[in-house]
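Examination of the molecular architecture
Chain by chain, the residues:
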Amino acid sequence: MAVAEEKTSPGTSEKSTSEKSTSGRSTSESSTSEKSWHGVVLQSLKRNDIRLVPYVPDRVLTTLIRNLHADPFFTTFPAAREEEAVGIVSGAWMAGMRGAVLMQTSGFATLANVLASLAVPYQIPLIMFVSERGTLGEFNYGQSLVCRTMRPVLDSLAMEHHTATRLDEFEFIVDRSIKQAIATQAPVALILSPLLTGGKVFDK
């Protein structure tokens, strides 16, 4: 997995805990006012007892993936393909374990069959975090084309989906989406806009 510098949304601080605690405010105060989007995802997964997180590596998701690996609460590992990760989470749900999948927009394009034939009809509360490519400064035309198909596919499957653009409302969206997915036993897609994550940019 490529290691890249994390892009952050406007107003988001990436100071370390030690830096925060010496900035004149307590660590707890700093963590409340300077949350990161990936910190919100990790804590929301914990709060809802989602322990299994297979993923397909993605540059924007790098910090989140590192933090999941570093936390013994989670069982997390890379999958060869997105549909493999969905199958793993589906099997885990049937065995009594909750799971989520991390992927990029282009990887979502491979999922129509497994969603339509497994996750939706068998009522699997699959939580998908999708790092959005293909918009807001995208440099790859193929990614732009694929991005246009994502929401129409979700709509055609009558799948709940939300596009997260703002950090101040992100925790509410993630937590409530997970709770609804589990309560109704239906999959949900949380699309992480570049407005939230900073996205992937082309370095000349």
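Everything discussed here concerns the structure shown above.
The text that follows walks through the structure, step by step, so that each part is easy to find. In this text the structure is predicted, and so the values were computed from the model without any measurement.

A few words now on the overall build of the chain. Regarding its fold elements, the chain presents 10 helices and 6 strands. Looking at the chain residue by residue over its 204 residues, the buried ones come to 46%. For the chain, restricting intrachain contacts to residue pairs at least 6 apart in sequence, the fraction spanning at least 24 positions comes to 74%. Just so you have it, the chain exposes about 9,800 Å², and 53% of that area is on carbon and sulfur atoms.

What follows is about the pattern of salt bridges. Think of it this way: side chains of opposite charge can pair up when their charged atoms draw near. Counting across every chain of the model gives 9 salt bridges. Note that Lys35 and Glu171 form a salt bridge whose closest N and O atoms lie 2.3 Å from each other. In this pair, Lys35 is assigned in the loop between helix H2 (27–33) and helix H3 (37–47) and Glu171 in helix H9 (residues 167–184), connecting sequence segments 136 residues apart. Note on Lys35: relative accessible area 32%, which makes it partly exposed. For Glu171, a relative accessible area of 26% gives the class partly exposed. Across the pair Asp168 and Arg166 runs a salt bridge, and its minimum N-O distance is 2.5 Å. On the basis of relative accessible area, Asp168 is assigned to the exposed category, the value being 60%. Several salt bridges share partner residues, and in doing so they unite Lys35, Arg47, Glu171, Asp175 and Lys179 into one network.

Using the criterion set out here, one finds 1 aromatic pair in the structure. Seen in terms of ring centroids, Phe73 and Phe74 are 5.0 Å apart; in terms of plane orientation they differ by 80°. Their pairing is edge-to-face.

So, on to the pairing of strand E1 (residues 52–55). Going residue by residue along E1, you find Leu52 and Pro54 tucked away on one face and Val53 and Tyr55 tucked away on the opposite face as well. Two elements, E1 and strand E2 (residues 75–78), share 4 bridges in a ladder whose sense is parallel. The partner of Val53 across the bridge, within E2, is Thr76. Where the polypeptide runs from E1 across helix H4 (residues 62–70) and back to E2, its parallel neighbour, the crossover connection is right-handed.

Positionally, Ser131 belongs in strand E4 (residues 127–131). Here Asp58 takes part through its side chain, which lies 3.1 Å from a polar atom of the side chain of Ser131. The contact partners of Ser131, leaving out residues within four places of it in the chain, are Asp58, Val60, Leu61, Met103, Gln104, Thr105 and Leu192.

Our focus in this paragraph is empty space enclosed by the protein. Under the counting rule described, the total for this entry stands at 2 cavities of 30 Å³ or more. Of the pockets and cavities examined, the second largest cavity occupies roughly 50 Å³. Ile50, Val89, Trp93, Met97, Arg98, Gly99, Ile124, Pro125, Leu126, Ile127 and Ile182 are the residues that line the second largest cavity. Residues belonging to the lining of the second largest cavity are distributed by class as follows: 9 nonpolar, 1 polar and 1 charged.

Cut-off values and rules
Every chain's residues receive numbers from 1 upward, in the order its sequence appears when written. Per-residue local features are limited, in this predicted model, to residues with pLDDT of at least 70; the limit for side-chain atom pairs, both in listing and counting, is 80 or more; totals at the level of whole chains, interfaces and linings are taken over all residues. Calculated side-chain values reflect all of the structure's heavy atoms, with hydrogen atoms and water omitted. Helical segments are the DSSP runs of H or I of at least four residues, strand segments are the runs of E of at least two, and each set is numbered from the N terminus. Note on exposure labels: buried denotes an accessible area under 20% of the residue type's maximum, exposed denotes more than 50%, and partly exposed covers the range between, all computed with a 1.4 Å probe on protein chains only. Any two residues having at least one pair of non-hydrogen atoms within 4.5 Å are treated as being in contact. For the area figures, the Shrake-Rupley method with a 1.4 Å probe applies, and any residue is considered shielded solely by the protein chains shown. In the sections that follow, a salt bridge refers to a side-chain nitrogen of Lys or Arg positioned within 4 Å of a carboxyl oxygen of Asp or Glu. Pairing of aromatic rings covers Phe, Tyr and Trp, the last counted by its six-membered ring, and requires centre-to-centre distances within 6.5 Å; plane angles under 30 degrees mean stacked, over 60 mean edge-to-face, and any other angle means tilted. Strand pairing requires that DSSP identify at least two bridges connecting the strands. Convention used here: a crossover is right-handed provided that the path from the first strand, over the helix, to the second strand proceeds clockwise when the strands point away from the viewer. Here a polar contact is recorded for every N or O atom pair within 3.5 Å, except that within protein the pair must consist of a potential hydrogen donor and a potential acceptor, and residues adjacent in sequence are included only if both atoms are side-chain atoms. The pocket and cavity definitions rest on a 1 Å grid over protein atoms only: a 1.4 Å probe that fits but cannot leave marks a cavity, an open set with protein on both sides within 12 Å along at least five of seven lines marks a pocket, and residues lining either have an atom within 4 Å of a point. Grid points are joined across faces, edges and corners, and a volume is the space filled by probe spheres set on the points. Charged means Asp, Glu, Lys or Arg here, nonpolar means Ala, Val, Leu, Ile, Met, Phe, Trp, Tyr, Cys or Pro, and polar covers whatever is left, Gly included.

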